[in-house]
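Below are the chains, spelled out letter by letter.
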Amino acid sequence: MSGSSRHQMITVNVQSASTMSAAKPLPHAFEKKVEDVKVSKSDINSVIMDYLINEGYPSAARKFAKEANIEATGDIESISERVEIRNAILAGDIQTAIEKINDFNPQVRRTATLAFAPVFQLVMIIPEFMHHSYSPLGVDEKLLLLQSSVLDTDPALHFSLLRLQLIELIRTCISPSSTSTSTPAPDITPVLNFASTQLAPRAPTSPTFLNDLEQTMALLIFPPDALSPTLSPLLDTQLRRDVATAVNQAMLVSLGQRREARIKSLVRVRAWAEAKAREGGTTGGGGAVVKLPERLSLGLDGEGKDGSGGVGGVGREGNGDLREGEPDAMVT
Amino acid sequence: MNTSHRGITQDVIERAPPFTVDDSVSQLPSRWSDIDKWAGLEITGDGLHVRLTGSSKGTDEAAAVRADHPMPRECGIYYYETTIHSRGKEALIGIGFSARKVILNKLPGWEEHSWAYHSDDGYIFRCTPSGRDYGPRFANGDVIGCGVNFRTGSAFFTKNGVNLGTAFNDIGRDKPYYPSVGMKKAGDYLQVNFGDKPFVFDIDGMMRDEKAIIREEISKANTSTLHSPFDESALIQELIAQFLAHDGYVETAKAFAEEVRDESRLLKTNISQGVRGNDPEEDVDAIHRQQIRASILEGDIDQALKLTSAYYPSVLRDNENIYFKLRCRKFIEMIRTCSMLSSASTFPRKPAPNGFSRKGKNALPQEMDVDSHFSGDTDNWDSMDTEGSDTNAKYSSLTRETIEYGQELNSEFSSDPRREVQKALQDTFALIAYTDATQSNLASLLEVSGRVPVAEELNSAILVSLGKSSSAALERVYKQSEALVSELSNSGGAGAFINIREDILRDDPSR
């Protein structure tokens, strides 16, 4: 191994001696190795399809199946339901999301008591005293239904949804548009009602729940434009994204599918391997044999090829442009 | 246990990317060395048995042997087992490993750069004649295993399938170490298993545990630095969008951008913060490339050639091999159509031009077979008339055309000196020998999936001609990951425990 890398370094030196100073590291031996790796198009295509289905982009998934001439893998049927739930969460309509999640539950759906299922999820949410008047089924049957629910098997997920619902209520209360000049103080009664009926009964079951509830309620006290660093993320829409992601993962698991798209593991292994390789052999991690370039560009739009890493702007969508490949010193 | 440890080890080594072809693909220990041994030891049974024939003289004197190859660090954990055959109860045997230069008239473990577990006292010896209490003693009939974890730099021993725990944890990566055993009593002999047979100890389970540790580490990797300031999900969306645009999946790219935009819009409902949501730019080249790809995927090679020479005249000129592949593919497509016509007709018909005639009663099951074989592939089917006489007429004229085209193709490339070109020509032309080539052993050439690599190769060539990278950023991420992991495993690090292709790209949730 060391023999081969030494050999490659010598080659680089000879070919680009005029442009490369002796003190500079020799990044191109590694770049050459990168270029020599073979990629299977069908593997890459399946990674794309896997992502589109897993993360819920049904229209793109259908188009891709057609354009790439491959079959859509995974449970296409569940996509539209998952997308509706995700969209409800992203739009802040948590009540709809919770109802749809309970409708979604694959086990419940298979039972004959389908029509009652959503009602029982609500019974679950509503505190004890409500529960008697709503209970036409025996305790055992009810437990059976509740046990198979995505949310019931994951109290933390359920709590995070309810807390998000509380946050959305607070957002409506404190947003400037809802505060008319005639009523200087916004009406926070719905917020208090929701917190005391839905979240307060659950809070004692976990210190995290209690802490989350306390923090959330603090949003009512501080002005929204001057929140502390611990509180401001609660009003950031990133929280909706995070909850939507967690819900999607829980639903996929309940369907017996992979929790996350493969591409996530791919970018993580990329980040992990680079970090490990840069640690070097001295820390017991067994670093790279060949010296790595200072920066490994992904070749995405907006990357400086000299390692400056400047990015023009932040956006969720790429404009599809391709940055040209790095010039390779081996090819002259 | 259904797989041997060698299976795992081989997997790891075989996945090494092509750039390590020279001297770096390590060979596994496969037998005891006939040369690297002390006199008095006799190696038999394909090099897997070692016996002490002479008697040793002094108390320190012993005889040791090393394996033919060192333990490869790329395998992450190296493990081998020995079965003890001794005459007396008091065997004096050392099982372990040592560096090349270590003298062989001592038991391994007593000398510098050698480590071993000894039978008479159950002690372990780390490069010194004074040992340390470690495990039980061992004797006739026991199976002793020795394993080295190169990631952690530690070694362990097993007795009859039971792990005795970490013995050493300072195994350096600076030099190669060889499996080594030594013995003192004449008549004692050892049988080794370097992985050809299943091990008594569940090494696969240990490998799985190690892999789980690494996967856990990977799942927590910080991806925010990869394309700062993008977070992980933004980076992934960017990678997907860039791939779709780069590879010319125009419709998918549009649909994806739209869906992502809709998603962002939802977030903005009651928030003033503006999020960029512009249309992906109309990329004329992307559309052209998509048209060309679609033509090839539909089997319409003429159309692809026409479009390519119209939009990118230099590409076919500069990439003669791709031009050749397209021409061959056209021939294959013609044969495909012939095959479908020949099996589409259920009527008895005239002998095919090569004199081979099929009986009508055979045609039906074959037709059904072909039908299912090409299900979902409806090109050329829609327009096809299954009226017998009409089909036969079409069939003959198409066969004539195919042969003429084949002759043309042959005259154009028969003088090409390249061996792969001649081989491809030969294989392609062989198809003409069959009335229904889908039933021949060359049927794989006719598979629709064969269009994909041709389409991809042409697409890459067009991209290069446009001054763009031939591979998308997502592919680059994959390539970089493979190269980095290969570096990590070559140096005996954590890379040995992850196989990107198998563990990530083809990860199956049921596993």
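As named in an unreviewed UniProt entry, chain B is SPRY-domain-containing protein, taken from Viridothelium virens.

Going by the annotation in an unreviewed UniProt entry, the name recorded for chain A is CTLH domain-containing protein, with Viridothelium virens given as the source organism. Chain A has a UniProt comment under Function (unreviewed entry) that states "Involved in the proteasome-dependent degradation of fructose-1,6-bisphosphatase."

Asker: Which parts of the structure should I look at to understand the overall build of chain B?
Answerer: Secondary structure summary: chain B contains 15 helices and 14 strands in total. Out of the 511 residues belonging to chain B, those deemed buried represent 53%. Put simply, of all contacts in chain B between residues at least 6 apart along the chain, 66% involve residues at least 24 apart.

Asker: Would you explain the nonpolar core in this entry?
Answerer: In summary, soluble globular proteins display a tendency toward joint burial of nonpolar side chains. Within the largest apolar cluster, 73 residues are counted, with the highest numbers of intra-cluster contacts made by Leu 52 and Trp 272 of chain A together with Phe 256 of chain B. In this structure Leu 52 of chain A touches Tyr 57, Ala 60, Ala 61 and Phe 64 of chain A together with Ile 240, Thr 252 and Phe 256 of chain B, once residues within four positions along its chain are discounted.

Asker: What exactly am I supposed to notice about helix H6 (residues 301-311) of chain B here?
Answerer: Residues and elements named next belong to chain B. Turning to H6, its buried residues are Ile 301, Ala 304, Leu 305, Leu 307 and Thr 308. Buried positions in H6, seen along its axis, are confined to an arc of 170° and lie on one side of it. In H6, the exposed positions that point more than 90 degrees away from the buried face belong to Lys 306 and Ala 310.

Asker: Just to check I follow, could you spell out unusual backbone geometry for this structure?
Answerer: Residues apart from glycine generally show negative phi values, whereas peptide bonds are mostly found in trans. All names here are of chain B. Omega for the bond connecting Ser 228 with Pro 229 falls within 30 degrees of zero, at 5°, which places this linkage in the cis form. Along the chain, Pro 229 falls in the loop between helix H2 (203-219) and helix H3 (232-246). With a phi angle near 60°, His 113 is a residue other than glycine that sits in the positive phi range. For His 113, a relative accessible area of 27% translates into the label partly exposed.

Asker: I tried to follow the sheet that holds strand E2 (residues 41-44) of chain B on my own but got confused; where do I start?
Answerer: Strand-to-strand pairing in sheets goes through backbone hydrogen bonds, with the strands running parallel or antiparallel. Residues and elements named next belong to chain B. Strand order in the open sheet formed by seven strands is E2-E3-E14-E5-E10-E11-E12, with antiparallel pairing between adjacent strands. Lying at the two open borders of the sheet, with one neighbouring strand each, are E2 and strand E12 (162-168). Strand after strand, the sheet turns through a mean of 25° between neighbouring axes, direction not considered. Of the pairings in the sheet, the one linking strand E11 (residues 154-159) to E12 comprises four bridges and is antiparallel in character. Pairing of Ala 155 across the sheet is with Phe 168, part of E12.

Asker: Teacher, can you tell me more about the environment of Thr 197 of chain A here?
Answerer: Residue and element names in this part refer to chain A. Mapped onto the fold, Thr 197 is located in helix H11 (residues 189-199). On the basis of relative accessible area, Thr 197 is assigned to the partly exposed category, the value being 30%. A polar side-chain atom of Thr 197 sits 2.9 Å from the main-chain carbonyl oxygen of Asn 193.

Asker: Is there a simple way to think about the pairing of strand E8 (residues 123-126) of chain B in this case?
Answerer: The side chains of a regular strand alternate, residue by residue, between the two faces of the sheet. Residues and elements named next belong to chain B. Inspection of the sheet shows strand E7 (residues 114-118) paired to E8 by three bridges, in the antiparallel sense. Note that in E8 the partner of Trp 115 across the bridge is Arg 126. Linking two consecutive strands that pair antiparallel, namely E7 and E8, is a turn of four residues; a positive phi of about 75° is found at Gly 122 within it. One ladder, built from two bridges, connects E8 with strand E9 (residues 132-133); its direction is antiparallel. Bridge pairing in E9 links Ile 124 to Arg 132. From the end of E8 to the start of E9, which pair antiparallel, there are five residues, and Cys 127 there has a positive phi angle of about 60°.

Asker: Explanation requested: the environment of Met 71 of chain B in the structure shown.
Answerer: All names here are of chain B. Structurally, Met 71 can be placed in the loop between strand E4 (63-67) and strand E5 (77-85). Judged by its relative accessible area of 5%, Met 71 is buried. The sequence separation of Met 71 and Val 148 amounts to 77 residues, and the corresponding C-alpha distance is 8.5 Å. In contact with Met 71, other than residues within four places in its own chain, are Pro 29, Tyr 78, Phe 97, Val 148, Phe 150, Tyr 177 and Pro 179.

Asker: Sorry, what's going on with the packing of aromatic side chains here?
Answerer: Here the distance between the centres and the angle between the planes together describe a pair of aromatic rings. Residues and elements named next belong to chain B. Scanning all chains against the criterion turns up 28 aromatic pairs over all chains. Ring centres of Tyr 80 and Phe 194 lie 5.7 Å apart, and the angle between their planes is 45°; on these two criteria the pair is classed as tilted. Separated by 114 residues along the polypeptide, Tyr 80 in strand E5 and Phe 194 in the loop between strand E14 (189-193) and H2 bring together distant segments of the chain. Per residue, the accessibility class of Tyr 80 equals that of Phe 194, and both read buried. Between Arg 51 and the ring centre of Tyr 189, over which it is positioned, the NZ or CZ distance is 4.3 Å. Over the ring of Tyr 249 we find Arg 293, and its NZ or CZ is 4.0 Å from the ring centre.

Asker: Just to check I follow, could you spell out the pattern of salt bridges for this structure?
Answerer: Note on pairing: side chains with opposite charge can pair once their charged atoms come close. One pass over the full model with this rule turns up 43 salt bridges over all chains. Salt-bridge contacts for Arg 268 of chain A lead to Glu 232 of chain B; the nearest nitrogen and oxygen are separated by 2.8 Å. Remark: Glu 232 of chain B occurs in helix H3 and Arg 268 of chain A occurs in helix H15 (residues 262-279); the pair is interchain, linking two chains. Here Glu 333 of chain B ties to Arg 329 of chain B by a salt bridge, and the two come within 2.9 Å at their closest N and O atoms. Here Glu 333 of chain B pairs with Arg 329 of chain B, and both are found in helix H8 (residues 320-344), just four residues apart, close to one helical turn. Taking relative accessible area as the criterion, Glu 333 of chain B reaches 6% and is therefore assigned buried. Within the structure, one salt-bridge network assembled from shared partners comprises Lys 41 of chain A together with Asp 247, Arg 293, Glu 456 and Glu 475 of chain B.

Asker: How should I be thinking about H11 of chain A in this particular structure?
Answerer: For an α-helix the count is 3.6 residues per turn, leaving residues at separations of three or four pointing the same way. Those residues of H11 of chain A that sit buried are Val 191, Phe 194, Ala 195, Gln 198 and Leu 199 of chain A. Taken around the axis of H11 of chain A, the buried residues stretch over an arc of 100°, which confines them to a single face.

Asker: Got a minute to help me understand the sheet that holds strand E13 (residues 177-183) of chain B in this structure?
Answerer: Residue and element names in this part refer to chain B. Overall, antiparallel pairing links the seven strands, which are arranged E1-E4-E13-E6-E7-E8-E9 in an open sheet. At either margin of the open sheet sits one strand with a lone partner, and together these are strand E1 (32-37) and E9. Relative to E4, E1 runs antiparallel, the two sharing two bridges. Bridged to Trp 32 within E4 is Ala 67.

Asker: Sorry if this is basic, but what is going on with the pairing of E11 of chain B here?
Answerer: Residue and element names in this part refer to chain B. Of all six residues in E11, six are buried; the element is thus mostly enclosed. Side-chain alternation along E11 places Ser 154, Phe 156 and Thr 158 on one buried face and Ala 155, Phe 157 and Lys 159 on a second face that is also buried. Of the pairings in the sheet, the one linking strand E10 (residues 143-149) to E11 comprises six bridges and is antiparallel in character. Bridging across to E11, Gly 147 finds its partner in Phe 156.

Asker: How should I be thinking about the confidence of the model for chain A in this particular structure?
Answerer: When pLDDT drops low, the exact placement of atoms in the prediction is not to be read closely. Residues and elements named next belong to chain A. When pLDDT is averaged along chain A, the result is 70; 61% of the residues meet or exceed 70. Within chain A, the element-level pLDDT minimum falls on helix H1 (residues 2-15), averaging 35, and the maximum on helix H14 (residues 238-254), averaging 92. The model gives residues 1-26 a pLDDT under 50, and that stretch makes 26 contacts with residues more than four places away or in other chains. Within the model, the stretch residues 281-286 combines pLDDT values under 50 with 15 contacts to residues more than four positions away or in other chains.

Asker: How do you make sense of the packing of helix H4 (residues 58-67) of chain A against helix H4 (residues 250-267) of chain B when you look at a structure like this?
Answerer: Each pair of packed helices can be described by the angle between their axes along with the distance between the axes. Where H4 of chain A meets H4 of chain B, the closest approach of the two axes is 8 Å, and the angle between their N-to-C directions is 175°. The pairing of H4 of chain A with H4 of chain B is recorded here as roughly antiparallel in orientation. In this structure, H4 of chain A contributes Pro 58, Ser 59, Ala 60, Lys 63, Phe 64 and Glu 67 of chain A to the contact, and H4 of chain B contributes Val 250, Glu 251, Thr 252, Ala 255, Phe 256 and Glu 259 of chain B.

The rules we used
- Residues numbered from 1 in each chain as written.
- Chains lettered and ligands numbered in written order.
- Predicted model: local features only at pLDDT ≥ 70, side-chain atom pairs only at ≥ 80, totals over all residues.
- Heavy atoms only, no water.
- UniProt positions renumbered as here; feature names shortened; annotations may be inferred.
- Helix = DSSP H or I, 4+ residues; strand = E, 2+ residues; numbered from the N terminus.
- Buried < 20%, exposed > 50% of the residue type's maximum accessible area, 1.4 Å probe, protein only.
- Contact = heavy atoms within 4.5 Å.
- Core = buried A, V, L, I, M, F, W, Y, C linked by side-chain atoms within 4.5 Å.
- Arc of directions from axis to C-beta.
- Pairing = 2+ DSSP bridges.
- Axes fitted to C-alpha atoms, helices over the stretch in contact; angles between N-to-C directions.
- Polar contact = N/O pair within 3.5 Å; in protein donor to acceptor, adjacent residues only side chain to side chain.
- Phe/Tyr/Trp six-rings, centres within 6.5 Å; stacked < 30°, edge-to-face > 60°.
- Lys NZ or Arg CZ within 6 Å of the ring centre and 35° of its normal.
- Salt bridge = Lys/Arg side-chain N within 4 Å of Asp/Glu carboxyl O.
- pLDDT = per-residue confidence, 0-100.
- Parallel < 35°, antiparallel > 145°, perpendicular 65-115°, else oblique.

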